Amino acid sequence: MIGGFGLSHCYYVLESINSEDDDNMRLLRLYRFYGSDTFRTQLIKNNAPLIKSKARQYYQYGGFDDGEVLQDFIQEGNIGFSIAIDKYDITKSNNAKFSSYAVFWIKKRIFNFIQHNSMTVKYTGQAQRALKKYKKLIEKESDSYGGLQVPIDHIVERSEEH
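What this report covers is the structure whose coordinates are included nearby. Every chain is numbered independently, its residues counted from 1 as its sequence is written. Local features in a predicted model are, by the rule used here, given only for residues with pLDDT of at least 70; side-chain atom pairs are given and counted only at 80 or more, and totals for whole chains, interfaces and linings are based on all residues. For the side-chain quantities, the full set of heavy atoms in the structure was used; hydrogens and water were omitted.

A closer look at the packing of aromatic side chains
By convention here, two paired aromatic rings are described through the distance between centres and the angle between planes. For clarity, the cut-off: Between 30 and 60 degrees the pair is tilted, below 30 it is stacked and above 60 it is edge-to-face, where a pair is any two Phe, Tyr or Trp rings, Trp via its six-membered ring, whose centres lie within 6.5 Å. Classification of residues uses two cut-offs on accessible area relative to the type maximum, computed with a 1.4 Å probe and protein chains only: under 20% is buried, over 50% is exposed, and between them is partly exposed.
Under the defined criterion, the tally for this structure stands at 7 aromatic pairs. Where Phe 33 meets Tyr 34, the ring centres are 4.8 Å apart and the plane angle is 90 degrees; that geometry is what we call edge-to-face. Classification of Tyr 34 as buried rests on a relative accessible area of 9%. Every member of this aromatic cluster is reached through a ring pair, and the members are Phe 81, Tyr 88, Phe 98 and Tyr 101.

Spelled out as structure tokens, the structure:
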């Protein structure tokens, strides 16, 4: 029994769905009609290679070394795919293909994961030069303070002089 209906009824509904639909659309329509997680799970399993390939793209191009990061990317891709299942509008005839729509959400989730978990801070050239200048000044002034921490007011005054 799926969603309170027998399997033969599911096959009847499946046959009545547009024969031009691909497997994803058939499963998506069945999921929307019955609301059963069986169809949702099957949809996710059928698209696991798509999700893994997008996760690998981000993993390879990002230069990540940790295998756990790849697993995190795949998990985020699964979440993105689930969002696509919930948000895709099957009633509009001019929609993009479901797989194209799903790729958007998969990439979005993986990219957001990278942004939220990235430890790298990128500075402009001007900011890098300013940081380098302040580091040198702090090192120079800390020697005059006997290795103690230099007050910020003193650093600001000295930087304005240079």
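After that view, the rundown keeps rolling.
Notes on the side chain of Asn 47
Stated precisely, the cut-off is as follows: Starting at the N terminus, helices and strands are each numbered in turn, a helix being any DSSP run of H or I of at least four residues and a strand any DSSP run of E of at least two. N or O atoms within 3.5 Å of each other form a polar contact, as long as, within protein, one can give a hydrogen and the other can take it, and as long as residues adjacent in sequence are counted only when both atoms are side-chain atoms. Contacts are residue-level and defined by heavy atoms, with any inter-residue pair within 4.5 Å sufficient.
Structurally, Asn 47 can be placed in the loop between α3 (37–46) and α4 (48–61). At 2.9 Å, the side chain of Asn 47 forms a polar contact with the side chain of Asn 24. Residue contacts for Asn 47: discarding those within four places in its chain leaves Asn 24 and Phe 81.

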